[in-house]
Amino acid sequence: MTAALASTLPAHAAQTDAELLKDLEVARRTLAGLPDLVGNQKWDPVRNELRSPAVNALWNTMDSGNTLRKLAKSRGDPEIFEAAEEVSRNLRDVDGMVYSNAFSMEGKMAGAGLRGDGSGVGGKAQGGGGGKYRVKEPQELLRAAVASVDEVLRVAALPPGE
């Protein structure tokens, strides 16, 4: 084995369960703060945090890069595989909603051009629900993702067989 090849092996070595759990704890701390950012309509910071390495590895990578999937495979635990699917789906949905909020003209233009009776310029009705950002749904999905990660961390802390 050449020295160059040997020096690349540690970078490609599989992560240990302890390293995966550490990454999950980092992701969990990041995720826990995101519902407040969503509530404050901080769309870009939310999307940036979703792409931070620890969080990104829960939803925006190939299966082989997903922290929860790697842990599930290492432990042979189907419940962690299920949690990986749920967290990935939730975070993907949050990203889509937050992206839509960031570019929503309805939200940005809330109330613009409306008369006191709710009709628009020229008397044309504006339709129900205009001027609203989606806040509650992404907050709920983020809280569900945190709960799933919490459960995996709780189960992972138990001695084998319990």
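Residues numbered from 1 in each chain as written. Predicted model: local features only at pLDDT ≥ 70, side-chain atom pairs only at ≥ 80, totals over all residues. Heavy atoms only, no water.

Thoughts on the overall build of the protein chain
Then, in step 1: Counting its regular elements, the protein chain contains 8 helices and 0 strands.
Then, in step 2: Mapped from its N terminus to its C terminus, the protein chain presents α and β elements in the order α-α-α-α-α-α-α-α.
Then, in step 3: A total of 162 residues make up the protein chain; the buried ones form 34% of that total.
Then, in step 4: Pairs at least 24 residues apart make up 67% of the contacts formed inside the protein chain by residues separated by at least 6 positions.
Then, in step 5: Approximately 9,800 Å² of the protein chain is accessible, and the part contributed by carbon and sulfur atoms is 53%. (Helix = DSSP H or I, 4+ residues; strand = E, 2+ residues; numbered from the N terminus. Buried < 20%, exposed > 50% of the residue type's maximum accessible area, 1.4 Å probe, protein only. Contact = heavy atoms within 4.5 Å. Areas by Shrake-Rupley, 256 points an atom, 1.4 Å probe, with all protein chains shown as cover.)

Quick word on the packing of aromatic side chains
Where two aromatic rings form a pair, the distance of their centres and the angle of their planes describe that pair.
Then, in step 1: For the coordinates displayed, the defined rule picks out 2 aromatic pairs.
Then, in step 2: Between Tyr-99 and Phe-103, the ring centres sit 5.0 Å apart and the planes meet at 50 degrees, which makes this aromatic pair tilted.
Then, in step 3: The exposure class of Phe-103 is exposed, given its relative accessible area of 54%. (Phe/Tyr/Trp six-rings, centres within 6.5 Å; stacked < 30°, edge-to-face > 60°.)

So, the pattern of salt bridges
Then, in step 1: Inspection of every chain in the model, using the stated rule, returns 9 salt bridges.
Then, in step 2: Of the charged contacts, one joins Arg-75 and Asp-17 as a salt bridge, the two residues approaching to 3.1 Å between their closest N and O atoms. With Arg-75 in helix 5 (residues 67-75) and Asp-17 in helix 2 (residues 17-39), this residue pair connects regions lying 58 residues apart in the sequence.
Then, in step 3: Owing to a relative accessible area of 22%, Asp-17 belongs among the partly exposed residues under this scheme. (Salt bridge = Lys/Arg side-chain N within 4 Å of Asp/Glu carboxyl O.)

Section: helix 8 (residues 136-157)
Then, in step 1: With 22 residues, helix 8 should reach 32 Å at 1.5 Å per residue; the first-to-last C-alpha distance of 32 Å fits that figure.
Then, in step 2: Among the residues making up helix 8, those that are buried are Pro-138, Gln-139, Leu-141, Leu-142, Ala-145, Val-146, Ser-148, Val-149, Val-152, Leu-153 and Ala-156.
Then, in step 3: Looking at the packing, one finds that the buried side of helix 8 touches helix 2, helix 5 and helix 6 (78-102). (Expected span 1.5 Å × (residues − 1).)

Notes on unusual backbone geometry
Peptide bonds are, in most cases, trans, and in most cases residues other than glycine have a negative phi.
Then, in step 1: Here Gln-41, not a glycine, exhibits a phi torsion of approximately 55 degrees, which is positive.
Then, in step 2: Within the element layout of this structure, Gln-41 appears in the loop between helix 2 and helix 3 (43-50).
Then, in step 3: On the basis of relative accessibility, which here comes to 38%, the residue Gln-41 falls in the partly exposed class.

Quick word on the packing of helix 2 against helix 5
Then, in step 1: Relative to each other, helix 2 and helix 5 sit at 150 degrees, their axes nearing to 10 Å. In terms of orientation, helix 2 lies roughly antiparallel with respect to helix 5. The way helix 2 lies across helix 5 gives a crossing that is left-handed. Of the residues in helix 5, those touching helix 2 at Asp-17, Leu-20, Leu-21, Asp-23 and Leu-24 are Thr-67, Leu-68, Lys-70, Leu-71, Ser-74 and Arg-75. (Axes fitted to C-alpha atoms, helices over the stretch in contact; angles between N-to-C directions. Parallel < 35°, antiparallel > 145°, perpendicular 65-115°, else oblique. Left-handed = near helix turned anticlockwise from the far one by under 90°.)

Observations concerning the nonpolar core
Buried together is how nonpolar side chains tend to be arranged in soluble globular proteins.
Then, in step 1: The biggest cluster of nonpolar side chains holds 35 residues, and the ones touching the most others in it are Leu-24, Leu-31, Leu-50, Leu-58, Leu-68 and Leu-91.
Then, in step 2: Looking at this core, the elements that each hand over two or more residues are helix 2, helix 3, helix 4 (53-56), helix 5, helix 6 and helix 8.
Then, in step 3: If we skip the residues at most four places from it in the chain, Leu-91 touches Leu-31, Leu-50, Val-55, Leu-58, Trp-59, Leu-142 and Ala-145. (Core = buried A, V, L, I, M, F, W, Y, C linked by side-chain atoms within 4.5 Å.)

Quick look at the confidence of the model for the protein chain
Then, in step 1: The share of residues in the protein chain with pLDDT of 70 or more is 73%, and the mean pLDDT across the chain is 82.
Then, in step 2: Across residues 111-130, confidence stays below pLDDT 50; counting only partners more than four residues off in sequence or on other chains, it has 17 contacts. (pLDDT = per-residue confidence, 0-100.)

Quick notes on the side chain of Ser-88
Then, in step 1: Position of Ser-88 among the secondary structure elements: in helix 6.
Then, in step 2: The buried category is assigned to Ser-88, whose relative accessible area is 11%.
Then, in step 3: Aside from chain neighbours lying at most four places away, what touches Ser-88 is Leu-58 and Trp-59.

Let's talk about the side chain of Arg-69
Then, in step 1: Checked against the element boundaries, Arg-69 lands in helix 5.
Then, in step 2: With a relative accessible area of 17%, Arg-69 lands in the buried category.
Then, in step 3: In this view, Arg-69 contacts Asp-63, Phe-81, Ala-84 and Glu-85; residues no more than four positions away in its chain are not counted.

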